[in-house]
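# Analysis of the macromolecular model
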Amino acid sequence: MKIKLYTKGYDEELLKKVDNQGGQFTAEELTWLTEQELGRQYETRQKHLEAEFGPGYKKLETVPWLVDFIRAHGLRNIVSLGAGTCGLEYLLSCCLGRSVRITAADFNKFLIAKAQEHFGDSLDAVSFDFFKDRFAEIKNAPFDLAVFYGSAYVMDDDDFVRLFRDIRKSGCARVIDFHGGFLNGRQVLRKRVSSWLDACPRLKAAVKAALRLPPQKDGYRGKFHGYGRSRSALELLYRQAGWEIGEVVSLADSYGYIAVLRDPQ
């Protein structure tokens, strides 16, 4: 299963200005939006870290797990794709030290500039657009490991397969995809039931009445920003790109699906 995902995680009026008739975020749109709404949160390194790791932040549990993986396999040159604020990558660099080189790549030029300013002594922050740029041309390539920290979901099927294939062909033998758009079994079932009801308006109205559900309010659904996929849909894309699934891991609070991929050759 594959569905479109929408976000209202920014000021709604600003989101509407970059909605682009339901189009996905471009680098220019997200850079502008971030600077307009969140610019002051990244004025200093301290503010940058506070903005990233505020109350309720759950992704910290991924850091010790990933550090252990990198050390266990003797990896020395790591790239994080779609790194956003680059905060997790900064923590990785602090834990792993100078013996491991960390490159953080994202298409949000405002966040990359701030990462270069605040974390440049610990990692390389570079611009990279999933949809336009070539993986093999990223600074510090070739890499031992490519990491997607909840970012791969933004790509449609063609771009997903192309980028994952390019990573493998570049000589990078491992990928870890902390997948941000994963749909678990319960979510898949809910979406299927919802689709069935949408196809039968009278039945849908009867079910709503029986369950005493309030009428759905019309309103702005948010900015289209990626895709939710079931496990079978994700694993088909990995295989089409030529990857072998070494293992699948889940962490309690952050990611329900983490694919550890390896080049079978």
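Provided above is the structure to which this section pertains.
A quick note: this is a predicted structure, and the numbers were derived from the prediction, not measured.

## Topic: helix α6 (residues 109–119)
Those residues of α6 that sit buried are Phe110, Leu111, Ile112, Lys114, Ala115, His118 and Phe119. Where α6 begins, one side-chain oxygen reaches toward the backbone nitrogen of Phe110, 3.2 Å away; that side chain belongs to Asn108.

## Describing the packing of aromatic side chains
Counted according to the given criterion, the structure contains 18 aromatic pairs. With a centroid separation of 5.2 Å and an interplanar angle of 85 degrees, the aromatic rings of Phe53 and Tyr57 are classed as edge-to-face. Joined through ring pairs, the aromatic side chains of Phe128, Phe130, Phe148, Phe160, Phe164 and Tyr238 make up one cluster. One Lys or Arg, Lys4, reaches over the ring of Phe224 and ends 4.7 Å from the middle of that ring. Over the ring of Phe25 we find Lys223; its NZ or CZ atom is 5.3 Å from the centre of that ring.

## Considerations on unusual backbone geometry
A cis geometry characterises the amide bond from Ala141 onward to Pro142, with omega recorded as 5 degrees. Summarising the element assignment, Pro142 is placed in the loop between β4 (124–127) and β5 (145–149). Phi is positive for Gln21, which is not a glycine, with a value near 55 degrees. Mapped onto the fold, Gln21 is located in the loop between α1 (12–17) and α2 (27–38). Since its relative accessible area comes to 83%, Gln21 is described here as exposed. Unlike most non-glycine residues, Cys86 shows phi in positive territory, near 70 degrees. You can see Cys86 is positioned in the loop between β2 (77–81) and α5 (87–96).

## Side note on a nonpolar patch on the surface
The grouping of Leu189, Val193 and Trp196 at the surface amounts to a nonpolar patch, some 320 Å² of accessible area in total. Its location among the elements puts Val193 in helix α8 (residues 185–198).

## Focus on the side chain of His118
Turning to its location among the elements, His118 is positioned in helix α6. Exposure remark for His118: the relative accessible area of 5% places this residue in the buried category. Polar contacts involving the side chain of His118 include one to the side chain of His48, which spans 3.0 Å. In contact with His118, not counting residues within four places along its chain, are Tyr42, Glu43, Thr44, Arg45 and His48.

## Some thoughts on the environment of Ala252
The topology assignment puts Ala252 in the loop between β9 (244–249) and β10 (258–262). Classification of Ala252 by relative accessible area gives exposed; the value is 76%. Taking the C-alpha atoms as reference points, Ala252 and Met155, separated by 97 residues in sequence, lie 25 Å from one another.

## As for the pattern of salt bridges
Scanning the model with the defined rule gives 15 salt bridges in all. Two residues, Lys8 and Glu12, come together in a salt bridge whose shortest N-O distance is 3.5 Å. Residue class for Lys8 comes out partly exposed when judged on its relative accessible area of 47%. One salt bridge connects Glu137 with Arg134, and the closest N-O pair in it is separated by 3.5 Å. With respect to class, Glu137 is no different from Arg134; both count as exposed. Each member of the salt-bridge network shares a partner with another, and the members are Lys8, Glu12, Glu13 and Lys16.

## Quick word on the pairing of strand β8 (residues 223–230)
Most of β8 is tucked away, with eight of its eight residues classed as buried. Note that strand β1 (residues 2–7) and β8 share six bridges and pair antiparallel. Opposite Tyr6, over in β8, you have Phe224 as the bridge partner.

## Concerning helix α7 (residues 157–169)
Two residues of an α-helix separated by three or four positions point the same way, owing to the 3.6 residues in each turn. Its 13 residues place the ends of α7 18 Å apart at the C-alpha level, agreeing with the 18 Å of an ideal helix rising 1.5 Å per residue. Among all positions of α7, only Asp159, Phe160, Val161, Leu163, Phe164, Ile167 and Arg168 are buried. Structurally, α7 contributes buried residues whose contacts are with β2, β5, β6 (174–178), β8, α10 (231–240) and β10. Just downstream of α7 lies Gly171, where phi reads positive at about 105 degrees.

Conventions adopted
Residues numbered from 1 in each chain as written. Predicted model: local features only at pLDDT ≥ 70, side-chain atom pairs only at ≥ 80, totals over all residues. Heavy atoms only, no water. Buried < 20%, exposed > 50% of the residue type's maximum accessible area, 1.4 Å probe, protein only. Helix = DSSP H or I, 4+ residues; strand = E, 2+ residues; numbered from the N terminus. Polar contact = N/O pair within 3.5 Å; in protein donor to acceptor, adjacent residues only side chain to side chain. Phe/Tyr/Trp six-rings, centres within 6.5 Å; stacked < 30°, edge-to-face > 60°. Lys NZ or Arg CZ within 6 Å of the ring centre and 35° of its normal. Patch = residues over 30% accessible without salt bridge, like charges linked within 9 Å, V, L, I, M, F, W, Y side chains within 5 Å. Areas by Shrake-Rupley, 256 points an atom, 1.4 Å probe, with all protein chains shown as cover. Salt bridge = Lys/Arg side-chain N within 4 Å of Asp/Glu carboxyl O. Contact = heavy atoms within 4.5 Å. Pairing = 2+ DSSP bridges. Expected span 1.5 Å × (residues − 1).

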